[in-house]
Amino acid sequence: MLALLTIMAGIVGLSSLLNNHSGGSVQIAIFLALPLLFLSAIQFGLWGGITAAAVLVFTSIQLTALGMGPFSNESGSVIEAVFRLQAYLGATVVATIFT
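As the structure is a computational prediction, the values presented were derived from the model and not from experiment. (Residues numbered from 1 in each chain as written. Predicted model: local features only at pLDDT ≥ 70, side-chain atom pairs only at ≥ 80, totals over all residues. Heavy atoms only, no water.)

### Things to note about the confidence of the model for the protein chain
So, step 1. When pLDDT is averaged along the protein chain, the result is 76, and 70% of the positions lie at 70 or above.
So, step 2. When pLDDT is averaged over each helix and strand of the protein chain, the minimum, 64, is found for helix α1 (residues 2-21) and the maximum, 86, for helix α2 (residues 34-65). (pLDDT = per-residue confidence, 0-100. Helix = DSSP H or I, 4+ residues; strand = E, 2+ residues; numbered from the N terminus.)

Next comes the structure, spelled out in structure tokens:
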């Protein structure tokens, strides 16, 4: 379980790194964490899915607050970045919990 969570946090960090260095054109990288979320929910049950989703939530919020990742933007609109992050996290967490 710990290895899965570490890999998922690394994938989220990698997707934010890829997005920053390519000028925002790697929007598909935000979906790299979904297979690991589903795998943890299927293999470890509800608590495994919730724990993996919590790692995704905390990592994504931290990177967005630092101005990195696919949800932050260069225009400076913090509200827009928060809305996009909230929509992404809502969809992925709900999908993970009901897997």
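### So, the packing of α2 against helix α3 (residues 78-97)
So, step 1. Contact geometry of α2 with α3 gives a least axis separation of 9 Å together with a crossing angle of 170 degrees. Between α2 and α3, the angle falls in the class roughly antiparallel.
So, step 2. Classifying every residue of the contact of α2 with α3 by side-chain character gives 17 nonpolar, five polar and no charged. (Axes fitted to C-alpha atoms, helices over the stretch in contact; angles between N-to-C directions. Parallel < 35°, antiparallel > 145°, perpendicular 65-115°, else oblique. Nonpolar A, V, L, I, M, F, W, Y, C, P; charged D, E, K, R; others polar.)

### Re α3
Three- or four-residue spacings in an α-helix give side chains the same orientation, since the helix completes a turn every 3.6 residues.
So, step 1. Taking 1.5 Å per residue, 20 residues should reach 28 Å; α3 reaches 28 Å between its end C-alpha atoms and fits that length.
So, step 2. Inspection of α3 places A81, L85, Y88, L89, T92 and T96 among the buried residues, and these make up the whole buried set. All buried residues of α3 project into a common sector of 95 degrees when viewed along the axis, lining one side. In α3, the exposed positions angled more than 90 degrees off the buried face are occupied by I79, F83, Q86 and A87.
So, step 3. Contacts from the buried residues of α3 go to α2. (Expected span 1.5 Å × (residues − 1). Buried < 20%, exposed > 50% of the residue type's maximum accessible area, 1.4 Å probe, protein only. Arc of directions from axis to C-beta. Contact = heavy atoms within 4.5 Å.)

### Here we look at α2
So, step 1. If you check α2, its first and last C-alpha atoms are just 22 Å apart, much less than what 32 residues at 1.5 Å a residue would give, namely 46 Å.
So, step 2. Along α2, the sharpest change in direction is near 145 degrees and occurs at F44. (Bend = angle between axes of the 7 residues up to and from the residue.)

### Notes on the side chain of T64
So, step 1. Take T64: it is sitting in helix α2.
So, step 2. Here the side chain of T64 touches S60 through a polar contact of 2.8 Å, landing on its backbone oxygen.
So, step 3. Discounting residues that sit within four places of it in the chain, T64 has contacts with F71, S72, A81 and L85. (Polar contact = N/O pair within 3.5 Å; in protein donor to acceptor, adjacent residues only side chain to side chain.)

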